[in-house]
Amino acid sequence: MAEKKGLHPAIACAIMCVMLACALCMGANRGWTKERKSLDGEVSALNAALSARAETAYNLLTVAARHMDESDARLAQLRGDIKLLENASAPLAERAAASARYQPACKEILSALAALPGVQSDSRDVMYVTQRLPQAVEQCASQGAQQAYNEAAEAYNARMRKSFSGLLARLTGVDFAPSFAAVQEGGL
Amino acid sequence: MKNIRFAAFLLAVLMLLSALQAGLAASAREEVYDDASVLSGQTVADIVSLNELCEDIDLSFTVVTRHFLGGKEAQAYCDALFDEMDLSDESVLLLLVIGEERYALSAGEDVYETLSADKLANLLAANFRTPYLTARDYNGAVGVFMLSAAKEAARAKGESIDTAGLFGTQKAQSAQAEQSSGEASFTAPQAGEWWSGFFSGDESIIYKNADGTYSSGLNSIAKTQDDKDDNDSGFSFGKLIVILLIISLLSKKKKVKRNPGPRPGSR
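What counts, and at which threshold
- Residues numbered from 1 in each chain as written.
- Chains lettered and ligands numbered in written order.
- Predicted model: local features only at pLDDT ≥ 70, side-chain atom pairs only at ≥ 80, totals over all residues.
- Heavy atoms only, no water.
- Helix = DSSP H or I, 4+ residues; strand = E, 2+ residues; numbered from the N terminus.
- Buried < 20%, exposed > 50% of the residue type's maximum accessible area, 1.4 Å probe, protein only.
- Contact = heavy atoms within 4.5 Å.
- Areas by Shrake-Rupley, 256 points an atom, 1.4 Å probe, with all protein chains shown as cover.
- Salt bridge = Lys/Arg side-chain N within 4 Å of Asp/Glu carboxyl O.
- Phe/Tyr/Trp six-rings, centres within 6.5 Å; stacked < 30°, edge-to-face > 60°.
- Lys NZ or Arg CZ within 6 Å of the ring centre and 35° of its normal.
- Core = buried A, V, L, I, M, F, W, Y, C linked by side-chain atoms within 4.5 Å.
- Axes fitted to C-alpha atoms, helices over the stretch in contact; angles between N-to-C directions.
- Parallel < 35°, antiparallel > 145°, perpendicular 65-115°, else oblique.
- Left-handed = near helix turned anticlockwise from the far one by under 90°.
- Nonpolar A, V, L, I, M, F, W, Y, C, P; charged D, E, K, R; others polar.
- Pairing = 2+ DSSP bridges.
- Patch = residues over 30% accessible without salt bridge, like charges linked within 9 Å, V, L, I, M, F, W, Y side chains within 5 Å.
- Lys, Arg positive; Asp, Glu negative; His and termini not counted.
- Charge placed at Lys NZ, Arg CZ, Asp CG, Glu CD.
- pLDDT = per-residue confidence, 0-100.

Trainee: I'm lost on the overall build of chain A in this one. Help?
Mentor: When helices and strands are tallied, chain A shows nine helices and zero strands. Counting from the amino terminus, helix and strand elements in chain A follow one another as α-α-α-α-α-α-α-α-α. Taken over 188 residues, chain A has a buried fraction of 35%. Long-range pairs, those at least 24 residues apart, make up 71% of the contacts in chain A with a sequence separation of at least 6. A total of about 10,600 Å² of accessible surface is found on chain A, and carbon and sulfur atoms cover 60% of it.

Trainee: Explain the pattern of salt bridges here, please?
Mentor: Inspection of every chain in the model, using the stated rule, returns 16 salt bridges over all chains. Put simply, Arg101(A) and Asp81(A) hold a salt bridge, and the shortest N to O gap is 2.7 Å. With Arg101(A) in helix H4 (residues 92–114) and Asp81(A) in helix H3 (residues 73–86), the pair connects residues that are 20 residues apart, well separated along the chain. The partner of Arg102(B) in a salt bridge is Glu100(B), and the shortest N-O contact between them spans 2.1 Å. For Glu100(B), a relative accessible area of 9% gives the class buried. One network of salt bridges, in which partners are shared, links Arg66(A), Asp122(A), Arg124(A), Asp125(A), Glu101(B) and Arg136(B).

Trainee: What's the story with the packing of aromatic side chains in this structure? I'm lost.
Mentor: The description of two aromatic rings rests on the distance between their centres and on the angle between their planes. Inspection of every chain in the model, using the stated rule, returns seven aromatic pairs over all chains. Judged by centre distance (5.7 Å) and plane angle (70 degrees), the rings of Trp32(A) and Tyr156(A) are edge-to-face. One end of the pair, Trp32(A), is in helix H1 (residues 9–37); the other, Tyr156(A), is in helix H7 (residues 144–162), with 124 residues separating them in the sequence. Note on Trp32(A): relative accessible area 8%, which makes it buried. Pairing Phe128(B) with Phe145(B) gives two aromatic rings, centres 6.3 Å apart and planes at 75 degrees, and the pair type is edge-to-face. Here the residue Phe128(B) occupies a position in helix H5 (residues 117–134), and Phe145(B) occupies one in helix H6 (residues 138–156), the gap between them amounting to 17 residues. Each member of the pair, Phe128(B) as well as Phe145(B), is classed as buried. Among the aromatic residues, those joined into a ring-pair cluster are Tyr103(B), Phe128(B), Tyr132(B), Tyr138(B) and Phe145(B). Just above the ring of Phe176(A) sits the side chain of Arg161(A); from NZ or CZ to the centre is 5.0 Å.

Trainee: For this particular structure, what's the right way to read the nonpolar core?
Mentor: One recurring pattern in soluble globular proteins: nonpolar side chains tend to sit buried together. All names here are of chain B. Counting 83 residues, the largest nonpolar core has Phe61 and Phe145 as its most contacted members. Beyond its immediate chain neighbours, meaning those up to four positions away, Phe145 contacts Phe61, Leu94, Leu105, Leu120, Leu123, Leu124, Asn127 and Phe128. Among the nonpolar cores identified, the runner-up in size contains 12 residues, and Ala74, Leu87, Leu95 and Val97 belong to it.

Trainee: How should I be thinking about the packing of helix H2 (residues 40–67) of chain A against helix H6 (residues 123–140) of chain A in this particular structure?
Mentor: Helix-helix packing is described using two parameters, namely the angle between the two axes and the distance between the axes. Residue and element names in this part refer to chain A. Viewed as axis vectors pointing N to C, H2 and H6 meet at an angle of 160 degrees, and their least axial separation amounts to 10 Å. It follows that H2 is roughly antiparallel to H6 by the angle criterion. Seen along the crossing, H2 lies across H6 with a hand that is left-handed. Where H2 abuts H6, its residues Ala52, Arg53, Thr56, Asn59, Leu60, Val63, Arg66 and His67 lie against Arg124, Asp125, Tyr128, Val129, Leu133, Ala136, Val137 and Cys140. For the contact of H2 with H6, the residue count by class is nine nonpolar, three polar and four charged.

Trainee: Help me out: how do you make sense of the packing of H7(A) against helix H8 (residues 164–171) of chain A in this one?
Mentor: Residues and elements named next belong to chain A. For the pair H7 and H8, the least separation of the axes is 5 Å and the interaxial angle reads 100 degrees. Our classification of the angle between H7 and H8 gives roughly perpendicular. For the pair H7 and H8, the contacting residues are Met160, Arg161 and Lys162 in the first and Phe164, Gly166, Leu167, Ala169 and Arg170 in the second. Classifying every residue of the contact of H7 with H8 by side-chain character gives four nonpolar, one polar and three charged.

Trainee: Could you clarify how one ought to interpret the sheet that holds strand S3 (residues 91–97) of chain B in this entry?
Mentor: Adjacent strands of a sheet form backbone hydrogen bonds with each other and so pair up, either parallel or antiparallel. Residues and elements named next belong to chain B. Spatially, the four strands line up as an open sheet ordered S1-S2-S3-S4, and their pairing is mixed. This sheet does not close on itself; its edge strands, each paired only once, are strand S1 (32–34) and strand S4 (102–107). Recorded for the sheet is a direction-independent mean angle of 15 degrees between the axes of neighbouring strands. As judged from the three bridges shared by S1 and strand S2 (residues 60–66), these two strands associate in the parallel manner. When the sheet's bridge partners are listed, Val32 is paired in S2 with Val63. The strands touched by helix H3 (residues 74–84) within the sheet are S2, S3 and S4, with S4 carrying the most contacts at an inclination of about 40 degrees. On top of the sheet, H6 reaches S2, S3 and S4; it is set at about 155 degrees to S2, its chief contact.

Trainee: What am I meant to see in a negative patch on the surface here?
Mentor: Taken together, the side chains of Glu73(B), Asp79(B), Asp83(B), Glu84(B) and Asp86(B) present a region of like negative charge at the surface. Inspection of the secondary structure assignment puts Glu84(B) in helix H3.

Trainee: Just checking my understanding: could you explain the pairing of S4(B) for this structure?
Mentor: All names here are of chain B. Bridging between S3 and S4 involves six bridges; their strand directions are antiparallel. Its bridge partner being in S4, Val92 is matched across the sheet by Ala107. Count of turn residues in the S3/S4 antiparallel hairpin: four residues, of which Glu101 carries a positive phi of about 55 degrees.

Trainee: Is there a simple way to think about the confidence of the model for chain A in this case?
Mentor: Reading predicted coordinates in detail is not appropriate for stretches of low pLDDT. All names here are of chain A. Taken as a whole, chain A shows an average pLDDT of 88; of its residues, 94% reach a score of 70 or greater. Mean pLDDT in chain A bottoms out at helix H9 (residues 180–186), which sits at 51, and peaks at helix H5 (residues 117–120), which reaches 94. Note on residues 182–188: pLDDT is under 50 here. Beyond four places in sequence and across chains, it has 11 contacts.

Here it is as C-alpha cells:
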C-alpha cells in the first residue's frame with residue numbers, strides 16, 4: 001500500500017505566509033479605502049464651493065454676453081474654467097488651476113464691463129456689474145471649503161504615511177489624497 | 001374669582017386661536033417670492049387678491065423672481081421649483097429671471113385641462129413678453145398676464161370674475177383726481193429704476209394703470225392694509241377692543257356678585 005505523501009512543511013509555511021500577507025494587504029486596502037471615503041464630506045463641500053463659483057461665473061457671462069463680443073478671449077477662458085469647476089470628475093489639478101484663475105478673471109471682466117458705455121447707460125446692468133456680481137464673486141472666493149478639504153487630506157496622508165497598514169494600502173493601490181492647494185501651486 | 005379666571009382662560013384660548021390662524025394664513029399666502037425685489041407691494045397684494053377671486057375657478061398663481069439662475073435652464077428650473085414647492089394641480093408658477101431676461105411658466109395638470117400649454121404660451125407671448133423684456137415693466141407684465149389668464153380660465157369654465165381694481169385696472173380716474181387736486185404728484189418710473197428702492201428702503205410704490213398712466217399705490221395700499229390686517233395677523237384692533245369689552249363686562253358682573261348687599265338677618 002502506498003503511503004499518502006503530505007505537503008512539505010516548508011511549502012505549507014510559505015503558503016501560509018503568502019495567505020497571511022494577502023489577508024493583511026486586503027485588510028489594509030479595505031480599511032484605508034474606507035478611511036479615504038471619510039473625506040467625501042469635505043470633497044462634497046469643495047465641489048459645492050466650486051459649483052457656486054461656476055454659477056456666479058455663469059451669471060457674469062450672462063451680463064457680459066449683452067455687452068461684450070462673444071469671442072472675447074477672457075470670456076472664452078472663463079467659459080472653459082466653468083466647465084472644469086463644475087465637473088466633479090475632472091482632475092483636481094485642473095480644477096484647482098481653474099479655481100485659482102476664477103477671481104482675477106471675474107474681476108477683470110467686471111472692470112471691463114463697468115467701463116463700457118452700454119453698461120453705464122443701463123441702470124440695471126450697472127447695478128449688477130458694480131454691486132451684485134462683485135459681491136457674489138467675493139463671497140464665492142472664500143477658501144473655507146478648500147482649507148477644510150486640505151486639512152482633512154493632509155491628516156489622512158499623514159496617518160497613511162506613519163502606519164504600516166498605510167504602506168500596505170499604498171502597495172495595493174490606495175493613493176494619498178491630493179491636496180487642492182499643492183496642486184494649485186504646480187502639481188503634487 | 002372663577003369668572004375672572006374663566007375670562008382669562010377664554011382670552012388665552014382666543015389669542016392662541018388667532019396666532020394659529022395667523023400662522024396658517026401666513027403659510028397659505030406665500031404666493032410671491034420676490035427675491036429680485038422687482039415687484040411692488042401693490043402687485044403682491046393684487047396677486048393675493050386675484051388668487052382669492054380665482055378660488056372659484058380652481059386657479060392659483062405663484063410668482064417667483066430671481067436675478068440669475070447660475071447657468072440653469074429656465075424651464076427646467078421652473079418645473080423643478082414647481083415640484084419642490086409642492087404646488088397644487090391648480091397652480092400656475094411664473095418665474096421671472098430678471099438678470100437673464102428670461103421667464104418660464106409651469107402649471108399643474110388641472111390648469112392644463114382648462115388652459116392648454118399653447119394657450120398659456122400665447123398669453124405669455126401676447127401679454128407678458130413685451131412689457132417684461134422691452135419696457136422692463138415687471139409689475140405690468142405680471143398683472144396683464146395674470147388677468148388675461150384668469151379671465152381665459154373663467155371663460156373656459158363658463159364663469160366670470162370681477163378683476164376691477166386689480167393691477168391698476170380702473171385706477172385712472174382716481175389717479176387723475178389725485179393729480180388734479182394737487183394732493184400728490186408722482187412721476188412715472190424711469191426704465192431701469194425698478195431697483196432704486198431696494199437699497200434706499202423707499203416704500204413709495206408707483207404702478208402703471210391700464211391706460212398707461214402711473215399712479216401711487218400708497219393710498220390703496222393703506223386701505224388694503226387695514227382690510228387685510230385681520231387676515232394677515234388674524235388679530236385686529238377691533239377684535240382686541242371686543243375682547244377687552246367682554247373682559248370688562250365679566251369683571252363688572254363679578255363685582256356686582258361680590259357686593260350683593262346686606263344679607264337678610266345680618267346687621
